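Analysis of the macromolecular model
Letter by letter, the chains look like this.
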Amino acid sequence: MSFLSVSRVSKSFGGAAVVDAVDLSIERGEFFALLGPSGCGKTTLLRMIGGFETPDNGTIAIDGEVMNTVPPHRRPTNMVFQNYAIFPHLNVFDNIAYGLRRLRLRKDELRARAEAMLATVRLEGLGERAAGQLSGGQRQRVALARALVREPKLLLLDEPLGALDKRLREAMQVELRAIQRKVGITFLLVTHDQEEALSLSDRVAVMGAGRILQVAAPRELYERPNCRAVADFIGDMNFFHATVRQIGDSVTVNAGLLGILALPRANLAPGIRTDDHILLAIRPEHVGFSEAGVAGEIASATFLGERSHYHVKIAGRSDPVSVSGIAPTHGTVHLVFPPDHLIGLPNA
Amino acid sequence: MAIGNSGKGYVLLAPTLLVMGLALAAPLLLLAVYSLHDQNGLALGGWTLAQYRAVLASAGYRSLFLRSIAISGLVTLVTVALAYPMAYFVAFHARRKFAWLIALTIPFWTSYLLRVFAWKIILGFDGVINSAALRLHLIDQPLSLLLYNPFAVVVTLAHAWAAFAILPIYVSLEKIDRSLLEAAGDLGDGALRRFLRITLPLSLPGVIGAAILIFVPTTGDYVTPELVGGTKGTMIANVIEVQFNSVGNWPLGAALSLVSMAMVAVIAALFVASARAAAKAAR
């Protein structure tokens, strides 16, 4: 059995299902992200794992113990709250030591553990600082230290970097990953920021409308999304309608504008059959410019440094094709769509 | 003419400053001047500290001061202790907060004097409590210990000032970020510890505000002890009134007033300081 096991968990508020029969397994020591747009139920799922909401159905087990009705203060989890929830009447040291005080530690042991944690989050010497005098990044560190100092089996992070500016967020991402490796605690992160999820996590679960759409390692998620919603949410993606002609060692599809193409069998999402109407998906960086191919007109070009981003209008299609590469800034171009990078997704 | 920023401030404050000056500062100054004179028939005599010496030397005044402070201290304690759970309920559990707040303050829409008389009727010899208890055969004859004593003063004042305790405590509880309580629970605290370590310290400004708001005016309350206090429930304000109105010894009345004010100020300051220290100790 996995370390964290969520099975058939549902939760609705006022008749609306927010989390809908979710299954999830997380292994010990993993850095796992729940990724999805706001309102997809990811925070509610996290709060049920932390004990702040009770599931209507299903079970949540941590390390083999069913947790459904166990209150937060008896769970082997700790949480970094979205707004950090720093206790305003306590200084940094007392915030961090808060969860240690009732463990009946010796005074010097308590101090040693809190000081060690201050060092881990690089807040040495700031123990006496009042909560109100902290910067955003410092508050984030205090919240992290306060949760980690209790050595939980599972650390829950609710959009922990959402309140920080871009630069600080990127720095904290690196640091968060390093801290997780150092303490070896299982991290479960909730975020709507795909970049954050992809760069930090061992595995990512993409959620949409209360369900889990796909669970995969970041690279796989990017290269082999299993449905349109995941492909759309992560990065930029072009879609073309197509019909499956034949499924053998490779898959032959009639892609209309793009002609008849043969894709590797592995590029086809499971469950698709011959004659199914499907979507062919391709990332902008995989669309190529060439001498021959599908003719198109550059509608817009955005210079991004080492490469540019183009919108190319092609005949018979209303949406322009997104292409990332190097080409002239206007005029007619020819596009090629390498079959190795075309993914066949259910048309849903 | 250009007026600077501070100048504008004074212009805006002018009406208030005028009223405060005429109605508060000037009378207070006058009181201080009176207290430093002696009475010479109907006129003021020369400058002297005799009034203060008389006030401080008299065992009667001393016990009256102590009783006033004991009664209003008790009133403060009772009111805050009863108001806190009510404010807590409205802030944390009530669905229609505004309706609850209105309901809680409705009794205070009637005049203070009427409410004191109401208590007189409730506590009196043939009042509501006594007649009900007689009818139910709980007692053979009416209890006389309900009215005209310090108990009646405490009950009446505690009721009269309840709204002044509920509202500030409610505001401070309402302001507490609920995620702080979740965080405390997450860090291992059950409901009671969560209350003692987070809710109570964070609502302390409201509690201190309520306590000061009740303690300061009730120490000098005159109406309630006069109407329901009897001889044992007399407070310092009643004696001050006698000095000004019946005896006509204004200098002594003035000295009593100022000593009473000074005492209230000192006690309030000590209370605030110790409450803050207690909150700091609770981590």
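Throughout what follows, the structure given in this document is the object of discussion.

Parameters at a glance
- Residues numbered from 1 in each chain as written.
- Chains lettered and ligands numbered in written order.
- Predicted model: local features only at pLDDT ≥ 70, side-chain atom pairs only at ≥ 80, totals over all residues.
- Heavy atoms only, no water.
- Helix = DSSP H or I, 4+ residues; strand = E, 2+ residues; numbered from the N terminus.
- Buried < 20%, exposed > 50% of the residue type's maximum accessible area, 1.4 Å probe, protein only.
- Contact = heavy atoms within 4.5 Å.
- Lys, Arg positive; Asp, Glu negative; His and termini not counted.
- Charge placed at Lys NZ, Arg CZ, Asp CG, Glu CD.
- Salt bridge = Lys/Arg side-chain N within 4 Å of Asp/Glu carboxyl O.
- Pairing = 2+ DSSP bridges.
- Axes fitted to C-alpha atoms, helices over the stretch in contact; angles between N-to-C directions.
- Buried area = accessible area lost by both parts, 1.4 Å probe.
- Polar contact = N/O pair within 3.5 Å; in protein donor to acceptor, adjacent residues only side chain to side chain.
- Nonpolar A, V, L, I, M, F, W, Y, C, P; charged D, E, K, R; others polar.
- Core = buried A, V, L, I, M, F, W, Y, C linked by side-chain atoms within 4.5 Å.

**Section: the overall build of chain B**
- Looking only at helices and strands, one finds 13 helices and 2 strands in chain B.
- Seen through its principal axes, chain B has C-alpha atoms that stretch 80 × 70 × 40 Å.
- By the burial criterion, 41% of the 283 residues in chain B qualify as buried.
- Nonlocal contacts in chain B, meaning residues at least 24 apart in sequence, comprise 67% of its contacts between residues at least 6 apart.
- Measuring between centres, the 19 positive side-chain charges of chain B sit 6 Å from its 11 negative side-chain charges.

**Here's the deal with the pattern of salt bridges**
All names here are of chain A.
- Summed over the entire model, instances satisfying the criterion amount to 22 salt bridges over all chains.
- Residue Glu151 pairs with Arg113 through a salt bridge whose shortest N-O separation is 3.9 Å. Here the residue Glu151 occupies a position in the loop between α4 (136–148) and β7 (154–158), and Arg113 occupies one in helix α3 (residues 107–120), the gap between them amounting to 38 residues.
- Of the residues examined, Glu151 reaches a relative accessible area of 58% and is grouped as exposed.
- Owing to a relative accessible area of 21%, Arg113 belongs among the partly exposed residues under this scheme.

**Considerations on unusual backbone geometry**
All names here are of chain A.
- The phi dihedral of Arg8 is positive, around 50 degrees, even though this residue is not glycine.
- With respect to the element layout, Arg8 can be found in strand β1 (residues 4–13).
- Even without being glycine, Glu159 reaches a positive phi, approximately 45 degrees.
- Among the secondary structure elements, Glu159 is positioned in the loop between β7 and α5 (166–183).

**Focus: the pairing of strand β3 (residues 31–35) of chain A**
Residues and elements named next belong to chain A.
- Across the 5 residues of β3, 5 count as buried, placing the element largely inside the fold.
- Judged by which residues are buried, β3 turns out to be covered on both faces: Phe31, Ala33 and Leu35 on one side and Phe32 and Leu34 on the other are all buried.
- Pairing between β3 and strand β8 (residues 186–191): 5 bridges, direction parallel. Each bridged residue has a counterpart across the sheet, and for Leu35 the counterpart in β8 is Thr191.

**With respect to the sheet that holds strand β18 (residues 321–325) of chain A**
Residues and elements named next belong to chain A.
- A sheet is described by the order of its strands in space; here 5 strands give the open sequence β15-β19-β16-β17-β18, paired in antiparallel fashion. Whereas interior strands pair on both sides, the edge strands pair on one side only; in this sheet they are β15 (288–290) and β18. In this sheet, adjacent strand axes meet at a mean angle of 50 degrees when their direction is disregarded.
- For strand β16 (residues 294–303) and strand β17 (residues 308–314), the ladder comprises 7 bridges, and the chain directions are antiparallel. In the sheet register, Glu297 faces β17, and the bridge partner there is Lys313.

**Structural notes on the interface of chain A and chain B**
- Taken together, the contacts link 23 residues of chain A with 18 residues of chain B.
- The largest share of the area that chain A buries against chain B comes from A:His89, A:Tyr98 and A:Arg102, three residues that together contribute 32% of it.
- Viewed at the interface, chain B and chain A are joined by 1 salt bridge.
- In this structure, the salt-bridge partner of A:Arg47 is B:Glu182, at a minimum N-O distance of 2.5 Å.
- For the pair chain A and chain B, the number of links is 11 residue pairs in polar contact (both at pLDDT 80 or more).
- Residue assignment for the side of chain A that touches chain B shows that the elements contributing at least two residues are β6 (77–80) and α4 of chain A.
- Residue contributions to the side of chain A that touches chain B peak at 3 residues, all from β6(A).
- Of the residues that constitute the side of chain A that touches chain B, the class distribution is 11 nonpolar, 6 polar and 6 charged.

**Describing the environment of A:Phe233**
All names here are of chain A.
- Turning to its location among the elements, Phe233 is positioned in helix α8 (residues 228–233).
- Spatially, the C-alpha atoms of Phe233 and Asp193 are 9.8 Å apart, while their sequence positions differ by 40 residues.
- With residues up to four places along the chain from it excluded, the contact list for Phe233 reads Leu35, Gly36, Pro37, His192 and Gln194.

**Quick notes on the nonpolar core**
- Within the largest apolar cluster, 78 residues are counted, with the highest numbers of intra-cluster contacts made by A:Leu4, A:Leu45 and A:Leu188.
- Sorting elements by how many residues they give to this core places helix α3 (residues 59–92) of chain B first, with 9 residues.
- Ranked by size, the runner-up nonpolar core spans 46 residues in total, among them A:Met117, A:Leu148, A:Ile179 and A:Ala216.

**Thoughts on the side chain of A:Arg141**
- With respect to the helices, strands and loops of the structure, A:Arg141 is situated in helix α4.
- Given the relative accessible area of 12%, A:Arg141 is considered buried.

**Topic: the sheet that holds strand β12 (residues 250–254) of chain A**
Residues and elements named next belong to chain A.
- With antiparallel pairing, the 5 strands of this open sheet are ordered in space as β13-β12-β11-β14-β20. The open sheet has two edge strands with one neighbour each: β13 (260–264) and β20 (343–346). Adjacent strand axes in the sheet meet at a mean angle of 45 degrees, parallel and antiparallel pairs treated alike.
- Across 4 bridges, strand β14 (residues 277–282) lies against β20 in antiparallel orientation. By the bridge assignment for β20, Leu280 is matched with Gly344.

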